[in-house]
Amino acid sequence: MHFREQCFAAAMEICSESEAAEVVHGWVPGGPGFVVHAWAEIEGGVYDLTESDQPMRKADYYARMGVRPELTRRYSRVEYFTLMAETGSLGPFDKDLFFANETTTLARG
């Protein structure tokens, strides 16, 4: 996978349509290492409009995309829109974890 900036807008779109939505930012395998990616989750379903216009089962999506929970940050709808307003950005918000859009290694320094 390559970095897709539009994934952040796509996750926001889903979050704006459902009060039960959470937005997730995470490192996923891509290119020579990892890329930052965003998606939304609602009750065990993953909505990633850069992959499909249909929801996917969370376990299937995580396996297919190589998602590792320790490399993600999850935001409730209220927390997400609060951070979006404070930063003027769609994300990612955790600049310590997401220090670049792409990296060959997750070790910093």
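Every chain is numbered independently, its residues counted from 1 as its sequence is written. The predicted origin of the model limits local features to residues at a pLDDT of at least 70 and limits the giving and counting of side-chain atom pairs to 80 or more, whereas totals for whole chains, interfaces and linings rest on all residues. The basis for every side-chain value is the complete set of non-hydrogen atoms in the structure, without hydrogens or water.

Within the secondary structure layout, Ala21 lies in the loop between helix H1 (6-17) and strand E1 (22-30). Here Ala21 falls in the buried class, since its relative accessible area comes to 2%. A sequence separation of 10 residues divides Ala21 from Ala11, and the C-alpha atoms of the two residues are 9.4 Å apart. When neighbours within four sequence positions are excluded, Ala21 is seen to be in contact with Ile14, Cys15, Glu41, Ile42, Ser76 and Arg77. Think of it this way: any DSSP run of H or I at least four residues long counts as a helix, any run of E at least two long counts as a strand, and we number them from the N terminus. Classification of residues uses two cut-offs on accessible area relative to the type maximum, computed with a 1.4 Å probe and protein chains only: under 20% is buried, over 50% is exposed, and between them is partly exposed. We call two residues contacting when some pair of their heavy atoms lies within 4.5 Å.

Omega for the bond connecting Gly91 with Pro92 falls within 30 degrees of zero, at 0°, which places this linkage in the cis form. Looking at the secondary structure, you find Pro92 in the loop between helix H3 (77-87) and strand E6 (102-103). A positive phi angle, near 45°, is found at Glu43, a position not held by glycine. Note that Glu43 resides in the loop between strand E2 (33-42) and strand E3 (45-47). For Glu43, a relative accessible area of 76% puts it in the exposed group.

Time to look at the pattern of salt bridges. Here a salt bridge means any side-chain nitrogen of Lys or Arg lying within 4 Å of a carboxyl oxygen belonging to Asp or Glu. Across all of its chains, the model carries eight salt bridges by this definition. Residues Glu41 and Arg74 are paired through a salt bridge, measuring 2.8 Å at the closest nitrogen-oxygen approach. With Glu41 in strand E2 and Arg74 in strand E5 (residues 72-76), this pair connects stretches of sequence that are 33 residues apart. When its relative accessible area of 6% is taken as the criterion, Glu41 is described as buried. Since its relative accessible area comes to 32%, Arg74 is described here as partly exposed. Residue Arg57 is joined to Asp60 by a salt bridge in which the shortest nitrogen-to-oxygen separation is 3.5 Å. Under the relative-accessibility criterion, Asp60 is labelled partly exposed at 42%.

This part takes up the packing of aromatic side chains. Here a Phe, Tyr or Trp ring, Trp counted by its six-membered ring, pairs with any other such ring whose centre lies within 6.5 Å, and the pair is stacked when the planes are under 30 degrees apart, edge-to-face when over 60, and tilted otherwise. Under the defined criterion, the tally for this structure stands at nine aromatic pairs. A centroid spacing of 5.3 Å and a plane angle of 75° characterise the contact between Tyr80 and Phe81, whose relative ring orientation is edge-to-face. Overall, Tyr80 belongs to the buried group, its relative accessible area being 0%. A network of ring pairs unites the aromatic residues Tyr75, Tyr80, Phe81 and Phe93 as a single cluster.

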